[in-house]
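As a plain string of letters, each chain reads:
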Amino acid sequence: FNPTTTIKFDLASNSNVKLNVYNYNGQLLKSLVNGIMNAGFHAVNFDASSLSAGVYYYTLEAGNSVMSNKMILVK
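This text gives an overview of the structure that appears in the document.

What follows deals with the pairing of strand 6 (residues 65–73). Two strands pair when backbone bridges link them, and strand 5 (residues 54–62) and strand 6 are joined in this way by nine bridges, in the antiparallel orientation. What sits directly across from Glu61, in strand 6, is Val66.

Our next topic: the sheet that holds strand 2 (residues 15–22). The strand order 3-2-5-6 describes an open sheet built from four strands, whose pairing is antiparallel. This sheet does not close on itself; its edge strands, each paired only once, are strand 3 (28–37) and strand 6. Strand-to-strand twist of the sheet, defined as the mean angle between neighbouring strand axes without regard to direction, takes the value 15 degrees.

Below, the discussion takes up the nonpolar core. Of all hydrophobic cores here, the largest spans 17 residues; its most connected members are Phe9, Val17, Leu19 and Met71. Among the secondary structure elements, those contributing two or more residues to this core are strand 1 (4–11), strand 2, strand 3, strand 4 (40–47), strand 5 and strand 6. Counting residues per element, this core draws most heavily on strand 5, which supplies four residues.

The rules behind these values
Residues numbered from 1 in each chain as written. Predicted model: local features only at pLDDT ≥ 70, side-chain atom pairs only at ≥ 80, totals over all residues. Heavy atoms only, no water. Pairing = 2+ DSSP bridges. Helix = DSSP H or I, 4+ residues; strand = E, 2+ residues; numbered from the N terminus. Axes fitted to C-alpha atoms, helices over the stretch in contact; angles between N-to-C directions. Core = buried A, V, L, I, M, F, W, Y, C linked by side-chain atoms within 4.5 Å. Buried < 20%, exposed > 50% of the residue type's maximum accessible area, 1.4 Å probe, protein only.

Pasting the structure below:
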């Protein structure tokens, strides 16, 4: 992506959601969501214009589920 991307996810029920972005070393860069979200489809924008090119990860925690994915920022 360059320099923004959209992280999309679907919740089966109302859940406490945490969506965090980390650098390659595992350091927390930004917390995009931290709170209760309603069931349904959601899209969260991430603006990385202030970051350098490289590999980043996001972790989505919703209820008892945890999902991680890799993102590559190309400038």
